[in-house]
Amino acid sequence: MKIFVDMDEVIADTYGAHIDIYNQEFNGNLTTETCMGNEVWKMVPTAHQDSVRKHATRRGFFRNLRPIENSIEVLSKLNDVHELYIASAAMQFPNSLEEKSDWLNEHFPFIPWQHIILCGHKHILRGDVLIDDRSYNLEHFNGRGLQFTSPHNIRTTGFERVNNWLEVAEKLL
Ligand SMILES: [Mg+2]
């Protein structure tokens, strides 16, 4: 199968990074649990929302993300038996291109550059499976869309859901 895998909130813990940076800079006490069902920026005082929304434009933001639990092990196995591509709408934040490339080379060195698609719209992707946390990416995919659970999408319905990488392994390995 030809499988596309998103980066942010699927293999890279962007959500956790927003919380960590906010707590550090504003002496906050946000947790994943208290933000459940929402975007992080919506959970902070109005005066701080702009700061959180601009985290992704900062140098280094995408380079220092933690990999999502079990993503490295499962992607490595998927890569052995399927045609695997990383597909990230990186053009939303042009500064992220080099950082995402470096981050993948560090944490997912088994994925060659020819299988890394840093793109704009994902509507152009044609394949068998797309694993993504955002409904607007899954809606336009012609194959099987798997919605990867992230704190922001726990109330979203309408897509086949995977809650973690072990569940992906059960479905696709
Ligand atoms: Mg994402």
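Conventions and cut-offs
- Residues numbered from 1 in each chain as written.
- Predicted model: local features only at pLDDT ≥ 70, side-chain atom pairs only at ≥ 80, totals over all residues.
- Heavy atoms only, no water.
- Donors = N, O, S within 2.8 Å, 3.2 Å for Na, K, Ca; no water.
- Helix = DSSP H or I, 4+ residues; strand = E, 2+ residues; numbered from the N terminus.
- Buried < 20%, exposed > 50% of the residue type's maximum accessible area, 1.4 Å probe, protein only.
- Domains from an automatic or database assignment.
- Contact = heavy atoms within 4.5 Å.
- Buried area = accessible area lost by both parts, 1.4 Å probe.
- Salt bridge = Lys/Arg side-chain N within 4 Å of Asp/Glu carboxyl O.
- 1 Å grid on protein atoms, 1.4 Å probe; cavity = no way out; pocket = protein on both sides within 12 Å on 5 of 7 lines; lining within 4 Å.
- Points joined across faces, edges and corners; volume = space filled by probe spheres on them.
- Nonpolar A, V, L, I, M, F, W, Y, C, P; charged D, E, K, R; others polar.
- Pairing = 2+ DSSP bridges.
- Axes fitted to C-alpha atoms, helices over the stretch in contact; angles between N-to-C directions.

Before we move on, can you summarise the coordination of the magnesium ion with the specific residues and values?
Of the protein atoms, only Asp 6 (OD), Asp 8 (O) and Asp 133 (OD) coordinate the magnesium ion, at distances of 2.0 to 2.2 Å. Taken in chain order, the donor set of the magnesium ion reads D-x1-D-x124-D. Residue Asp 8 is located in the loop between β1 (2-5) and α1 (14-26), and its partner Asp 133 is located in the loop between β4 (129-132) and α6 (135-138); the two are separated by 125 residues in the primary sequence. Residues Asp 8 and Asp 133 agree in their burial class; the two are buried.

Residue-level account of the domain arrangement of the chain, with values.
Per the domain assignment, the segments of the chain are domain 1 (2-13 + 66-172) and domain 2 (14-57). Opposite the 13 residues of domain 1 that make contact, domain 2 presents 12 residues. Both sides of the domain 1 and domain 2 interface together cover about 1,100 Å² of buried area, and 49% of this is carbon and sulfur. At the boundary of domain 1 with domain 2, the tally comes to two salt bridges.

Which residues make up the layout of surface pockets, and what values go with them?
Remark: the empty space left among the atoms is shown by a probe the size of a water molecule rolled over them. The computed volume of the largest pocket comes to approximately 750 Å³. What lines the largest pocket is a set of 32 residues, and nearest its centre among them are Glu 9, Gln 92, Phe 93, Arg 134 and Tyr 136. Contributions of two or more residues to the lining of the largest pocket are made by α1, α3 (46-53), α5 (96-107) and α6. Among the elements that line the lining of the largest pocket, the one with the most residues is α1, at three residues. In the lining of the largest pocket, the residues fall into 13 nonpolar, nine polar and 10 charged. When residues are assigned to domains, the lining of the largest pocket turns out to be shared by domain 1 (2-13 + 66-172) and domain 2 (14-57), each giving three or more. Quantified by volume, the second largest pocket comes out at close to 380 Å³. In terms of lining, the second largest pocket is formed by 21 residues, of which the most central are Asp 13, Thr 32, Ile 68, Thr 149 and Pro 151. No other element matches α1, which puts four residues into the lining of the second largest pocket. Split by residue class, the lining of the second largest pocket holds nine nonpolar, seven polar and five charged.

Summarise the sheet that holds strand β3 (residues 116-118); cite the residues concerned and give the values.
Adjacent strands of a sheet pair through backbone hydrogen bonds, lying either parallel or antiparallel. Read from one edge to the other, the open sheet built from six strands follows the order β3-β2-β1-β4-β5-β6, with strand pairing classed as parallel. The open sheet has two edge strands with one neighbour each: β3 and β6 (160-162). The sheet shows a mean angle of 25° between the axes of neighbouring strands, taken without regard to direction. In terms of strand pairing, β1 meets β4 through three bridges, oriented parallel. Looking at the pairing, Ile 3 lines up with Val 129 of β4.

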